[in-house]
Amino acid sequence: MKKVIYESFGNPADVLKVVELPSEPLSDGMVRVEVLRAPINPSDLIQISGNYGVRPPLPATAGNEGLGRIVEGEGKGQLVLLPAGQGTWVSEVVCDPRHLVPLPEGDLDQLSMLLVNPATAQLLLSEYVDLQEGDWVIQSAANSAVGGYLVQLARARGINVVNVVRRESAIAGLKELGADVVLVDGPDLAREVAAATGAKMKLAVDAVAGSTAGRLADTLEKGGVLVNYGGMSNEDSAIGAAALIFNNITVRGFWLVTWMDAVDKATRARLYGDLAGQIVKGTLFAPIDRHFTLDDIGEAAKYSWAGEREGKVMVAPNGV
């Protein structure tokens, strides 16, 4: 079997390497899963670079989510979601089947992304503000995978979204997803939001931090909520005193792992069952840009890290 490891933190294109090892013997009660797809998320690359909130012990196997099929053991033939943080940029895994999530048959690329981004988007819309049809939400990094899912989930509930991006070329893709309003981030963002919507935002969702967080905060109604779930600017959030003092906004942080640890198995199952159903029906999806093999992981990381993509970059450990 092959797997992608890193023995030091640094530029993913430099520190990732592929190693080949004998397949692990299958002990009683365990199953062997052939890994079919594993998305490359920004959080994967940030973790490999050493700049994520949690550092795994080294050497580490890369990849935090993926999809596979049981090829040996109980449930042979079943499509499954791999456990979070399993180390998914591998050709196969041996694990306890109780840690696998059975999935219906469907698009392998779309189902492989179920664990992190759609769940994050759903929870950002449901956990912090009681949003009703016609309410307004603003999000940064709207052309990210989470941003695209949030657009689709909000639209299904009749919630309006102002989508903030950092480049003009990102606008067209969001419009194709049905985005309501798309604006390029800049010093006059709050004024542009007011002109485009005539409304104050109930919720701001931020994956950029830095000065962008402050501009999103300035669009909120009194008592509004800003939730930060990422720091793509590599800067601390800069939120103005006026928004905090005179508008009495609330600032929260979101990390999916924290939510997972706080809820029971039935709650997690309901979330993922609902999302999987939407993905299988084709009503929830994310664009796919390219597929790479494990042997090309350095190029894949470099390509994904560079941005200016037209969708998610996928690792296909056993071919497309």
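Owing to the predicted nature of the structure, the values given are computational and were not obtained by experimental measurement.

Student: Pulling in residues and values, what's your account of the overall build of the chain?
Tutor: If you tally the helices and strands in the chain, you get 12 helices and 16 strands. Relative to the 2.2 N^0.38 estimate, which gives 20 Å for 320 residues, the radius of gyration of the chain is 20 Å and therefore close to what a compact globule would have. In terms of principal-axis extent, the alpha carbons of the chain reach across some 60 × 40 × 35 Å. Counting all 320 residues of the chain, 48% fall into the buried class. Sequence separation of 24 or more characterises 67% of the internal contacts of the chain that already satisfy a separation of 6 or more. For the chain, the accessible surface area stands at approximately 14600 Å², while carbon and sulfur atoms represent 50% of it. Seen as two clouds, the 28 positive and the 39 negative side-chain charges of the chain have centres 2 Å apart.

Student: Tell me what's going on with the packing of aromatic side chains, and back it up with residues and numbers.
Tutor: The full count for this structure, using the stated rule, is three aromatic pairs. Residues Tyr52 and Trp255 carry aromatic rings whose centres are separated by 6.3 Å and whose planes lie at 70° to one another, so their mutual orientation is edge-to-face. Of this pair, Tyr52 sits in the loop between helix 2 (42-49) and strand 4 (60-61) while Trp255 sits in the loop between strand 14 (250-253) and helix 10 (256-262), and the two are 203 residues apart along the sequence. For the pair Phe292 and Tyr303, a centre-to-centre distance of 5.9 Å together with 50° between the ring planes defines the contact as tilted.

Student: Before we move on, can you summarise the packing of helix 4 (residues 117-126) against helix 5 (residues 145-156) with the specific residues and values?
Tutor: Relative orientation of the contacting elements helix 4 and helix 5 amounts to 55°, with a least axis distance of 8 Å. Between helix 4 and helix 5, the crossing angle belongs to the class labelled oblique. Taken as a pair, helix 4 and helix 5 cross one another with a handedness that is right-handed. For the pair formed by helix 4 and helix 5, the contact residues are Asn117, Pro118, Thr120, Ala121, Gln122, Leu124 and Leu125 on the first element and Ala145, Val146, Tyr149, Leu150, Leu153 and Ala154 on the second. Residue composition of the contact of helix 4 with helix 5, by class: 10 nonpolar, three polar and no charged.

Student: Explain the nonpolar core to me, and be specific about the residues and the numbers.
Tutor: Among the nonpolar cores identified, the biggest contains 45 residues, and Leu114, Leu124, Leu203, Phe254, Leu256 and Tyr272 are the most heavily contacted of them. Looking at this core, the elements that each hand over two or more residues are strand 6 (79-81), helix 4, helix 5, strand 12 (201-206), strand 13 (220-228), helix 10 and helix 11 (265-281). When residues no more than four places from it in sequence are discounted, the contact partners of Tyr272 are Leu114, Leu115, Ala119, Leu256 and Met260.

Student: Let's hear about helix 11: which residues, and what values?
Tutor: In an α-helix, one turn spans 3.6 residues; hence positions three or four apart end up facing the same way. Between the first and last C-alpha of helix 11 there are 24 Å, a value that for 17 residues agrees with the 24 Å anticipated at 1.5 Å per step. Buried residues of helix 11: Leu271, Tyr272, Leu275, Ala276, Gln278 and Ile279, and no others. Taken around the axis of helix 11, the buried residues stretch over an arc of 160°, which confines them to a single face. The outward face of helix 11, more than 90 degrees from its buried face, is lined by the exposed residues Arg270 and Lys281.

Student: Pulling in residues and values, what's your account of helix 4?
Tutor: With respect to burial, helix 4 is a largely interior element, nine of its 10 residues being buried. Where helix 4 is concerned, the buried positions are Asn117, Pro118, Ala119, Thr120, Ala121, Gln122, Leu123, Leu124 and Leu125. For helix 4, the secondary structure elements touched by its buried residues are helix 5, strand 12, strand 13, helix 10, helix 11 and strand 16 (312-315).

Student: So what's going on with the sheet that holds strand 11 (residues 181-184)? Which residues, and what values?
Tutor: The sheet built from six strands is open, its strands ordered 11-10-9-12-13-14 with parallel pairing. At either end of the open sheet lies a strand with only one pairing partner, and these are strand 11 and strand 14. Going across the sheet, the axis of each strand differs from the next one's by a mean of 20°, ignoring polarity. Where strand 9 (residues 136-139) meets strand 12, three bridges bridge the pair, whose relative direction is parallel. Pairing of Val137 across the sheet is with Leu203, part of strand 12.

Student: Outline the sheet that holds strand 4, listing residues and values.
Tutor: One open sheet holds the three strands; their spatial order is 2-1-4, and the pairing between them is antiparallel. Strands with a single pairing partner mark the edges of an open sheet, and in this sheet they are strand 2 (17-20) and strand 4. Bridging between strand 1 (residues 2-6) and strand 2 involves four bridges; their strand directions are antiparallel. Across the sheet, residue Val4 finds its bridge partner in strand 2, namely Val18.

Student: Residues and numbers for the pattern of salt bridges, please.
Tutor: According to the stated counting rule, one finds 11 salt bridges in the structure shown. Of the charged contacts in the structure, one is a salt bridge between Glu72 and Arg32, with a shortest N-O distance of 2.9 Å. With a gap of 40 residues between them, Glu72 in strand 5 (residues 67-72) and Arg32 in strand 3 (residues 31-40) connect regions that are remote in the sequence. What you see here is one network of salt bridges that share partners, running through Arg32, Glu72 and Glu92.

Student: Please set out a nonpolar patch on the surface residue by residue, giving values where relevant.
Tutor: A grouping of Leu244, Ile245, Phe246 and Val251 is seen on the molecular surface, where their side chains present a nonpolar patch of about 410 Å² in accessible area. Here Ile245 is to be found in helix 9 (residues 241-245). By relative accessible area, Ile245 is classed as exposed at 57%.

Student: Which residues make up the environment of Val181, and what values go with them?
Tutor: Its location among the elements puts Val181 in strand 11. Overall, Val181 belongs to the buried group, its relative accessible area being 13%. Residues Val181 and Val193, spaced 12 residues apart in sequence, show a C-alpha to C-alpha distance of 8.6 Å. Not counting residues up to four positions away in its chain, the partners in contact with Val181 are Trp136, Val161, Val162, Asn163, Ala196 and Thr197.

Each value, and the rule that gives it
- Numbering of residues begins from 1 in every chain and follows the order in which that chain's sequence is written.
- Residue-level local features of this predicted model are given only where pLDDT is at least 70; pairs of side-chain atoms are given and counted only at 80 or more, and the full residue set underlies all totals for whole chains, interfaces and linings.
- Only hydrogens and water are removed before side-chain values are computed, so all heavy atoms of the structure are retained for them.
- Secondary structure elements are taken from DSSP: a helix is a run of H or I of four residues or more, a strand is a run of E of two residues or more, and numbering for both begins at the N terminus.
- C-alpha atoms define the radius of gyration, and 2.2 Å times the number of residues to the power 0.38 defines the globule rule.
- Any residue under 20% of the maximum accessible area for its type is buried, any over 50% is exposed, and the rest in between are partly exposed; the area is computed with a 1.4 Å probe on protein chains only.
- Residues are treated as being in contact if the distance between any of their heavy atoms lies within 4.5 Å.
- Methods summary: accessible areas were calculated by the Shrake-Rupley approach with a probe of 1.4 Å, and residue burial reflects only the protein chains presented.
- In this tally Asp and Glu are treated as negative and Lys and Arg as positive; neither His nor the chain ends contributes.
- Throughout, a charge is located at the NZ atom of Lys, the CZ atom of Arg, the CG atom of Asp or the CD atom of Glu.
- Each Phe, Tyr or Trp ring, with Trp reduced to its six-membered ring, pairs with another whose centre is within 6.5 Å; inter-plane angles below 30 degrees give stacked pairs, above 60 give edge-to-face pairs, and intermediate values give tilted ones.
- Angles here are taken between N-to-C directions and fall from 0 to 180 degrees, while the axes themselves are lines fitted to C-alpha atoms, restricted in helices to the stretch in contact.
- Our angle categories are set so that under 35 degrees counts as roughly parallel, over 145 as roughly antiparallel, 65 to 115 as roughly perpendicular, and the remainder as oblique.
- What makes a crossing left-handed is the near helix being turned counterclockwise from the far one by less than a right angle; a clockwise turn instead makes it right-handed.
- Under the convention adopted here, Pro, Cys and the residues Ala, Val, Leu, Ile, Met, Phe, Trp and Tyr are nonpolar, Asp, Glu, Lys and Arg are charged, and Gly plus all remaining residues are polar.
- We call a set of buried Ala, Val, Leu, Ile, Met, Phe, Trp, Tyr and Cys residues a nonpolar core when their side-chain atoms join them within 4.5 Å.
- Between the first and last residue of a helix there are one fewer steps than residues, each counted as 1.5 Å, and that sum is the expected span.
- Each C-beta atom gives one direction from the helix axis, and the arc is the one those directions make.
- Two strands qualify as a pair provided that DSSP identifies no fewer than 2 bridges between them.
- Any carboxyl oxygen of Asp or Glu within 4 Å of a side-chain nitrogen of Lys or Arg constitutes a salt bridge here.
- Like-charged residues within 9 Å of one another, or nonpolar side chains (Val, Leu, Ile, Met, Phe, Trp, Tyr) within 5 Å, are grouped into patches, provided each residue has over 30% relative accessible area and no salt bridge.

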